[in-house]
Amino acid sequence: MHGMVTQSLPQVGVVGKPNVGKSTFFAAATMIDVKIAPYPFTTVEPNVGIGHVRIKCVCTELGVRDDPRNSICLEGNRLVPVELIDVAGLVPGAWQGRGLGNQFLDHLRRASALIHVVDASGGTDEEGRLARPGSRDPMLDVEFLEGEVTMWMIQIMRKDWDKMARLVDYAKKPLVGVLYDHLSGLGISEAVISATLVELGLDKKPLHSWSEDDLRQFMGLLRSRSKPMVIAANKIDVPEAEDNVKRMMKELGDRVIPTSAEAELALRKAAGKGLVKYIPGDPSFEVVARDLPQAQRAALDRIADLMRRWGGTGVVQAINKTVLGVLGMVAVYPVADEKRFTDTEGRVLPDVVLVPGDYTVLDLAKSIHSDVASKAMFAIDAVSGRRLGLDAKVWHRAVIRIVTSK
Ligand SMILES: Nc1nc2c(ncn2[C@@H]2O[C@H](COP(=O)(O)OP(=O)(O)OP(=O)(O)O)[C@@H](O)[C@H]2O)c(=O)[nH]1
Ligand SMILES: [Mg+2]
């Protein structure tokens with residue numbers, strides 16, 4: 001089969017008002033050294049890097065020692081790459097040009113989901129300036145941000161609105177197709193556009209008679225479907241966060257993940273220096289260094305305490321929730337030899353790819369290489385040895401050989 005898997009990675013945008021910890025979250029997840037500071041608009045140009053979803057690797061069950069290439073295996077945990085994009089903070093009215101405006105949201109056009117970092121300690125005002133912890137209701141930030149992102153999308157829709165209306169209403173072009181072309185940069189499928197139009201009864205309504213409300217409803221729904229959001233309720237290390245987080249989880253459900261980006265960043269740095277043993281996403285860590293300075297020991301004790309209370313720092317959990325939960329993606333191991341689980345070069349379980357949960361074997365083949373797809377005949381489930389048709393669904397942690405004609 002193919003050599004290197006050259007799949008494009010799922011893209012996740014990190015958004016929120018200024019000064020909530022977006023860049024800290026990004027730095028912790030990617031270990032890229034970016035500017036972090038306690039004031040708004042620290043980030044101006046977007047930061048792009050690789051973070052990871054964490055899954056239980058199949059290597060343990062298969063009893064093999066793996067040799068990862070596109071991912072990392074740590075004691076039976078596979079860290080699978082995703083692309084993270086950390087952007088500037090959004091302030092109320094950004095869509096009208098306030099703050100840094102919302103031009104930078106254009107960097108999120110291709111993102112398939114967003115992680116909304118919220119200051120759950122309520123220690124920053126609506127523009128991200130430091131305030132007394134507990135003074136700002138983070139629920140307001142959730143509402144505001146979803147509104148701003150919707151307004152950004154509405155603006156994209158408004159551009160050339162008259163031209164679109166003429167195409168649909170007079171040139172009789174199909175509405176779905178015209179909208180799809182216009183919104184093509186936002187990664188929204190025709191099926192989603194069509195379903196949303198029908199659901200709101202807008203599929204038959206001439207574009208020139210759409211009201212402001214029609215547009216807002218349509219884009220609001222389209223936004224929640226094309227850019228679904230997980231909420232990272234950040235700064236849980238601050239005592240004032242606790243009640244807020246509980247309230248958010250109650251009102252917004254399981255898409256709220258409590259996080260301390262700062263604790264995760266500190267732990268990853270400490271692990272990098274060999275001071276602690278910590279695998280990203282673990283519920284706890286172990287201090288391995290002896291004779292730590294008192295201040296450092298105390299800082300680690302505080303992190304340990306926090307993790308006991310919340311079950312971890314939440315950073316990896318937020319990425320997992322976004323990619324595996326909300327987007328419903330599954331991780332698949334493509335191999336060339338189904339007996340030894342290797343690629344053509346003999347590497348054991350070299351790659352793991354993230355694909356949509358409804359992918360078939362043929363979709364998987366296409367996502368790996370068009371060459372593979374055109375020659376694909378059937379596949380083999382390497383774990384059971386079972387033969388799979390091209391239209392069989394793939395599943396989470398499947399190890400699959402795609403058999404191609406010569
Ligand atoms: N207590 C606490 N502080 C945090 C946490 N995460 C980030 N911070 C602090 O919050 C401040 C802002 O962090 P940044 O990561 O720069 O925030 P940002 O959202 O990227 O800010 P802008 O780029 O200005 O929009 C810094 O002082 C961080 O150290 C956290 O989990 N807990
Ligand atoms: Mg930043």
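On a predicted model such as this, the values are computed, not experimentally measured, just so you know. All chains use their own residue numbering, which begins from 1 and follows the written sequence. Whichever chain is written first becomes A and whichever ligand is written first becomes 1, with later ones labelled in order. In keeping with the model being predicted, local features are shown solely for residues with a pLDDT of at least 70 and side-chain atom pairs are shown and tallied solely at 80 or more, while totals for entire chains, interfaces and linings include all residues. Hydrogens are left out, water is left out, and the side-chain values use all remaining heavy atoms of the structure.

UniProt positions are given in the numbering used here, feature names are shortened, and annotations may be inferred rather than shown by experiment. UniProt records the feature "domain: OBG-type G" (unreviewed entry) at residues 10-279, using the numbering of this structure. By definition, any uninterrupted DSSP run of H or I lasting at least four residues is a helix, any uninterrupted run of E lasting at least two residues is a strand, and each is numbered from the N terminus. Segment residues 10-279 splits into 37% helix and 17% strand. End C-alpha atoms: 22 Å apart.

On the protein side, the magnesium ion (ligand 2) has Ser23 (OG) and Thr43 (OG1) as donor atoms, found 1.9 to 2.2 Å from it. Note that Ser23 is positioned in helix H1 (residues 22-30) and Thr43 in the loop between H1 and strand S2 (47-56), a separation of 20 residues in sequence. Across the pair, exposure class does not vary: Ser23 and Thr43 are buried alike. Sodium, potassium and calcium take a 3.2 Å donor cutoff, other metals 2.8 Å, and in both cases only N, O and S atoms count; water is not among them, so sites may look incomplete. Three exposure classes are used, based on accessible area relative to the maximum for each residue type with a 1.4 Å probe and protein chains only: buried under 20%, partly exposed in between, and exposed over 50%.

Between Lys or Arg on one side and Asp or Glu on the other, a salt bridge is scored when a side-chain nitrogen of the former is within 4 Å of a carboxyl oxygen of the latter. The full count for this structure, using the stated rule, is 32 salt bridges. The salt bridge involving Asp66 is made with Arg78; its shortest N-O contact spans 3.1 Å. Of this pair, Asp66 sits in the loop between helix H2 (59-62) and strand S3 (72-74) while Arg78 sits in strand S4 (residues 77-86), and the two are twelve residues apart along the sequence. For Arg78, a relative accessible area of 0% gives the class buried. Between Arg386 and Asp381 there is a salt bridge whose closest N-O contact spans 3.7 Å. Take Asp381: its relative accessible area is 5%, and that puts it in the buried class. Beyond isolated ion pairs, a larger network of salt bridges with shared partners links Arg69, Asp343, Glu345 and Asp351.

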